[in-house]
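Summary of structural features
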Amino acid sequence: MGKFKVMKPVNEVDVSCVKYKEEDIKAPHLTGFLFKLFVKMLEAPLIGSLIVETLKKNNGMTQIFRNTVIPEEPMFRPVFPSQKPEVDVVLVGEDESPLNRLETALKCLPQYDPSLSFQADSSSSFRYWKIRDYAYAYRSKLTTPSVVAEQIISIIEEFTYDKSPTPFLISFDANEVRKQAEASTHRFEQGHPISILDGVFITIKDDIDCLPHTTTGGTTWLHEERSVEKDSVVVSRLRSCGAILLGKANMHELGMGTSGNNSNYGTTRNPHAPERYTGGSSSGSAAIVASGLCPAALGTDGGGSVRIPASLCGVTGLKTTYGRTDMTGSLCAGGTVEVVSPLASSLEDTLLVQQSTILNGVATQKYAVILGSSSADRLNLNPTPPCLPKLLSHNGGNAIGSLRLGKYTTWFNDVHSSDISDKCEDILKLLSNNHGCQVVEIVVPELEEMRAAHVVSIGSATLCSLTPYCEAGKNPKLSYDTRTSFAIFKSFSASDYIAAQCLRRRLMEYHLDIFKNVDVIVTPTCGMTAPLIPPEAVKNGETNFQVAAYLMRFVVAANLLGFPAISVPVGYDKEGMPIGLQIMGRPWAEATVLALAAAVEELAPVTKKPAIFHDVLNTNRIHEEK
């Protein structure tokens, strides 16, 4: 008889005895013909099952799900105990409209100084245009939304599949953009802009509904089977604030990858180095922000899909608490690990976009999260009212000095290059020296089990939503890397899924215990900077589980357990590629996470201009600097 493991209940585990186990992925890296052959073998009835079971056994999943007794009961979605209120914050009314929330958010920001953007000399360091810069330029008649729109349209229409950078957008309608820009320009001419977001260009990931565009999820066929009748809830809120919705951003097909590779529409390239990946799956959203074409974008984050590309592209990416934003009208609306969240070129723009999209009582029951299209799927998670940090000075607010930053050092340092851990460590030292933050050593048990539980959870939900299409013959139309993921997902049994949810509860208990002693957990966002794109992967994709493991090393807990987390840029490695620091907070504690991120942003080194950058508020348009 085989051996099996019996886990102790969490309250009996001595975490001081936990030993960190480095992740050792045993799987082939394949591209080109060999990759296509591998996928064919995976999908073959007998040999496919043998390959998948071997992969799972070699990477510890068989031991975790088939040979382990887990004493905890299952938790099928993140559920949190009552949380203590955040300090030094501004409460946002539960029934306030997005417009009123934006006005409240503006009062929490430092006073706007246009001279920092519009009167800087040529020797000044590079900075991105912010939302308030656009608003100032329009109100001061320095330009109009229509003028900016024409610049953006001319840039986007130059993109082709074979020309770097390949498309930021999957769906783009120049006339629709002109129409929105003309309406915004007219409002400014009449002296009646709707909000600070009026005339600001925002891109929407192609798994979030946004009329008049279809939603493909990065596939070549999903729009033929699924029609878009109206905006998603988050998009409708942006539209009500006057934002100009630029189009549907490129993405890793169906969100089933972390590199951003998409062989259907072309792989979006990293603006800092076009020969490198952006990270995914919100690849186009991150790249279009990093390139300067718009100050903010929406993505979805089910396994780091906002934070990974934000880190690799040198922008800010926020993953909100599970249930904080309404998922209605997105492809992942029925999941238990995903949220719609913003990416932006600055912390303040992240905050502004977040406040225009969070749930409110006007459209739905107060703070109900819509997990499906019907009212029967609604679950009241009883979140705390949303709060905003007081960022009235450029130091992240007044309360961050009391924050305790949890750091699991051996995990923190388990990165591909010490440049990453060193840059993140430098910021922690600055937070301690400049603000008095206390770094507290912690232990995060069972990281291997957490990664496995996440894969089973997100994989099972994805497979459930797409199986009808695959059974109808759509599977061959998927990209090879998506088919690889699906072959693995199909091997998960009902008992595997239940075991994963037992692990979710177990891991929730561990993390809630950690949060009794710290306010946030800090790590690098990713274990590596932007990887090179193999030339042979452009046409047919690739499978590279080792790279995926590095990219996802620190992000999974926020998804499986629903915690808020943010990636904020903290510098560059020796090759000039961006590095992100991740800050993960307690449930519903976005204000604390944002306040600390604001302090990090202020302390971080000077931002470098990406190799591909478009200055759309000035007439000087830059494509690539040699």
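Everything below is about the structure shown above.
Heads up: these notes are all about the structure in this document. Predicted model only: the values in this text are computed from it and were never measured.

Turning our attention to helix α13 (residues 347–357). Of all 11 residues making up α13, 11 are buried, and the element is well covered by its neighbours. Taken together, the buried positions of α13 are L347, E348, D349, T350, L351, L352, V353, Q354, Q355, S356 and T357.

Taken residue by residue, helix α10 (residues 233–240) has V233, V234, V235, R237 and L238 as its buried positions. Buried residues belonging to α10 abut α4 (98–107), β6 (201–205), β7 (244–249), β10 (296–301), β12 (339–344) and α13. Of the residues trailing α10, G242 is marked for its positive phi of about 90 degrees.

Among the nonpolar cores identified, the biggest contains 166 residues, and F201, L431 and I583 are the most heavily contacted of them. Considering every element that reaches this core, the biggest residue donor is helix α22 (residues 590–603), with nine residues. Apart from the residues lying within four places of it in its own chain, the contact partners of I583 are V520, I521, V522, P564, A565, I566, V593, L596, A597 and V600. Counting residues in each nonpolar core, the second largest holds 11 residues, with L42, I51, V52 and Y480 among its members.

Leaving glycine out, the prevailing phi sign among residues is negative, and the prevailing peptide bond configuration is trans. Cis geometry marks the peptide bond from L211 to P212, where omega comes out at 5 degrees. Among the structural elements, P212 can be located in the loop between β6 and α9 (222–225). Cis geometry marks the peptide bond from G280 to S281, where omega comes out at 15 degrees. Its place among the elements puts S281 in the loop between β9 (273–277) and α11 (283–290). Here the phi dihedral of L254 falls at roughly 60 degrees; this positive angle occurs in a residue that is not glycine. Checked against the element boundaries, L254 lands in the loop between β7 and β8 (269–270). The class for L254 is buried, based on a relative accessible area of 15%.

Turning to the sheet that holds strand β21 (residues 578–585), a few remarks are in order. Spatial ordering of the open sheet is given by β5-β7-β6-β10-β12-β11-β20-β21-β18-β16-β17, a layout of 11 strands whose pairing is mixed. Each end of this open sheet is capped by a strand with a single partner; those strands are β5 (169–171) and β17 (438–441). When strand polarity is set aside, the average angle formed by the axes of neighbouring strands in this sheet is 35 degrees. Contacting β5, β6, β7, β10 and β12, α11 runs over the sheet at an angle of about 155 degrees to β10.

What follows deals with the pairing of β12. Counting buried residues along β12, six of its six residues qualify, which places the element largely inside the surrounding structure. The two faces of β12 match: V339, S341 and L343 on one face and V340, P342 and A344 on the other face are all buried. Examined bridge by bridge, β10 and β12 share six bridges and lie antiparallel to one another. Paired with D301 across the two strands is V339, which belongs to β12.

Inspection of the secondary structure puts L391 in the loop between β15 (387–389) and β16 (404–407). Each C-alpha atom, one on L391 and one on Q111, is 9.6 Å from the other, the two residues being 280 residues apart in sequence.

Moving on, we come to the packing of α4 against α13. At a closest axis distance of 8 Å, the pairing of α4 and α13 adopts a crossing angle of 155 degrees. When the axes of α4 and α13 are compared, the pair comes out roughly antiparallel. Crossing hand, α4 versus α13: right-handed. Judged by residue contacts, P98, R101, L102, A105 and L106 of α4 engage L351, L352, Q355, S356 and T357 from α13. Looking at the contact of α4 with α13 residue by residue, the classes come out as six nonpolar, three polar and one charged.

Definitions and cut-offs
Residues numbered from 1 in each chain as written. Predicted model: local features only at pLDDT ≥ 70, side-chain atom pairs only at ≥ 80, totals over all residues. Heavy atoms only, no water. Buried < 20%, exposed > 50% of the residue type's maximum accessible area, 1.4 Å probe, protein only. Helix = DSSP H or I, 4+ residues; strand = E, 2+ residues; numbered from the N terminus. Contact = heavy atoms within 4.5 Å. Core = buried A, V, L, I, M, F, W, Y, C linked by side-chain atoms within 4.5 Å. Pairing = 2+ DSSP bridges. Axes fitted to C-alpha atoms, helices over the stretch in contact; angles between N-to-C directions. Parallel < 35°, antiparallel > 145°, perpendicular 65-115°, else oblique. Left-handed = near helix turned anticlockwise from the far one by under 90°. Nonpolar A, V, L, I, M, F, W, Y, C, P; charged D, E, K, R; others polar.

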